[in-house]
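Report on the structure
So you can see what is in the structure, the chains are spelled out below.
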Amino acid sequence: MQHESNAQSSSKAKSSSAKESSTKASSSKKESSTKASSSKKKADSINTKLMESLTEDQGFANGTLDENGNPTQNGTKNPQYNWATHVQKIQWTKDKTIAVYMYDAENLNKSQLTTVAQSAQSAATATLLTEGKISDNESIKGIHTTVYSGNNVIGHSKAFSPKEFKWTN
């Protein structure tokens, strides 16, 4: 009788262990999936913040926002933000780099491209720092940035000097 009881206990323990293992695997899959979707949500969230900042800077450039960021009908254009009128979007990539997409890169010379790229990089860096995506040190050093015209890479920041840009042509 004792032997039978031990066998049943052993069988129950194995069954219980198998269930726990299955539960852990299922939980691990859910956790992994949750982490992936959480990571995507965080990227979407930071990209939303980057676009809000860009839109605000475009409003300052065009005179559609006053100095407090409120809409205005007859505002004064602020040339300090002209760079933003050349930028379609700014994104924080999964590789932890900045991607700047420009409207009219072909109409700008290299000096103008550099000004736009550095300004977009600086604006993005400020948002990334404020949102806790980068450290103070990374902010000072600079974040690698790639510049696009449409889907074509037209330039990027230098590997060892991320605040300087190199252009493809």
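Everything below is about the structure printed above this text.
Residues numbered from 1 in each chain as written. Predicted model: local features only at pLDDT ≥ 70, side-chain atom pairs only at ≥ 80, totals over all residues. Heavy atoms only, no water.

**Considerations on the overall build of the chain**
This is how it is decided: Only DSSP runs of H or I with at least four residues qualify as helices, and only runs of E with at least two residues qualify as strands; both kinds are numbered from the N terminus onward. The contact criterion used throughout is that any non-hydrogen atoms of two residues lie within 4.5 Å. Each accessible area is a Shrake-Rupley estimate made with a 1.4 Å probe; only the visible protein chains count as cover when residues are assessed.
Scanning the chain from terminus to terminus reveals three helices and five strands. N-terminal to C-terminal, the α/β element order of the chain is α-β-β-α-α-β-β-β. For the chain, contacts bridging at least 24 residues in sequence account for 46% of all contacts bridging at least 6. Roughly 11,200 Å² of accessible area belongs to the chain as shown, and the carbon and sulfur atoms make up 47% of that amount.

**Topic: the pairing of strand 4 (residues 152–157)**
Two faces belong to every sheet, and in a regular strand the side chains alternate between them. Inclusion rule: Paired strands, as defined in this entry, are two strands with at least two bridges between them according to DSSP.
Sheet analysis places strand 3 (residues 145–149) next to strand 4, joined by four bridges and oriented antiparallel. Considered in strand 4, the bridge of Val-147 is made with Gly-155. Linking strand 3 to strand 4, which pair antiparallel, is a turn of two residues; within it Gly-150 sits at a positive phi near 65 degrees. With three bridges connecting them, strand 4 and strand 5 (residues 165–167) associate as antiparallel partners. Of the residues in strand 5, the one forming a bridge with His-156 is Lys-166.

**Things to note about the environment of Trp-83**
The cut-off we apply is this: The classification of residues rests on relative accessible area computed with a 1.4 Å probe and restricted to protein chains. Under 20% of the type maximum is buried, over 50% is exposed, and intermediate values are partly exposed.
Along the chain, Trp-83 falls in the loop between helix 1 (2–62) and strand 1 (87–92). Residue Trp-83 is classed as buried on the basis of its relative accessible area of 8%. Distance from Trp-83 to Val-116, taken between C-alpha atoms, is 4.8 Å for residues 33 residues apart in sequence. Beyond its immediate chain neighbours, meaning those up to four positions away, Trp-83 contacts Leu-54, Asp-57, Ile-90, Val-116, Ser-119, Ala-120 and Ala-123.

**Remarks on the pattern of salt bridges**
Basically, it comes down to this: A side-chain nitrogen of Lys or Arg and a carboxyl oxygen of Asp or Glu constitute a salt bridge if their distance falls within 4 Å.
Inspection of every chain in the model, using the stated rule, returns one salt bridge. The closest approach of N and O atoms between Glu-164 and Lys-158, which form a salt bridge, is 3.4 Å. Classification of Lys-158 by relative accessible area gives partly exposed; the value is 35%.

**Observations concerning the packing of aromatic side chains**
Here is the rule: Ring pairs shown here join Phe, Tyr and Trp side chains whose ring centres sit within 6.5 Å, with only the six-membered ring taken for Trp; geometry is labelled stacked below 30 degrees between planes, edge-to-face above 60, and tilted in between.
Evaluation of the coordinates by the stated rule reveals three aromatic pairs. Between Phe-60 and Tyr-81 the ring centres are 5.1 Å apart and the planes differ by 50 degrees, which places this aromatic pair in the tilted class. Taken together, the residues Phe-60 in helix 1 and Tyr-81 in the loop between helix 1 and strand 1 connect sequence positions 21 residues apart. Judged by its relative accessible area of 12%, Phe-60 is buried.

**Focus: unusual backbone geometry**
One non-glycine residue with positive phi stands out, namely Lys-96, at about 60 degrees. Examined against the element boundaries, Lys-96 turns out to sit in the loop between strand 1 and strand 2 (98–102). You can call Lys-96 exposed: its relative accessible area is 57%.

**Focus: the nonpolar core**
The nonpolar side chains of a soluble globular protein tend to be buried with one another. Note the following rule: Nonpolar cores were defined as sets of buried Ala, Val, Leu, Ile, Met, Phe, Trp, Tyr and Cys residues, with membership established by side-chain atoms within 4.5 Å.
Among the nonpolar cores identified, the biggest contains 26 residues, and Trp-83, Val-87, Ile-90, Trp-92, Ile-98, Met-102 and Val-147 are the most heavily contacted of them. Among the secondary structure elements, those contributing two or more residues to this core are helix 1, strand 1, strand 2, helix 2 (110–130) and strand 5. Residue contributions to this core peak at seven residues, all from helix 2. Residues within four places of Met-102 in sequence aside, it is in contact with His-86, Val-87, Gln-88, Leu-108, Leu-113, Val-116, Val-147, Tyr-148, Ser-149 and Gly-150.

**A closer look at the sheet that holds strand 3**
What counts here: Axes, fitted as lines to C-alpha atoms, cover a helix only where it is in contact. Angles between the N-to-C directions of the axes lie from 0 to 180 degrees.
Pairing in this open sheet of five strands is mixed, and the strands run 1-2-3-4-5 from one edge to the other. In this open sheet, the two edge strands, each paired with only one partner strand, are strand 1 and strand 5. Shown here is a sheet whose adjacent strand axes are inclined to one another by a mean of 25 degrees, direction ignored. The sheet contact formed by strand 2 and strand 3 spans five bridges and is parallel. Directly across from Met-102, in strand 3, lies its bridge partner Ser-149.

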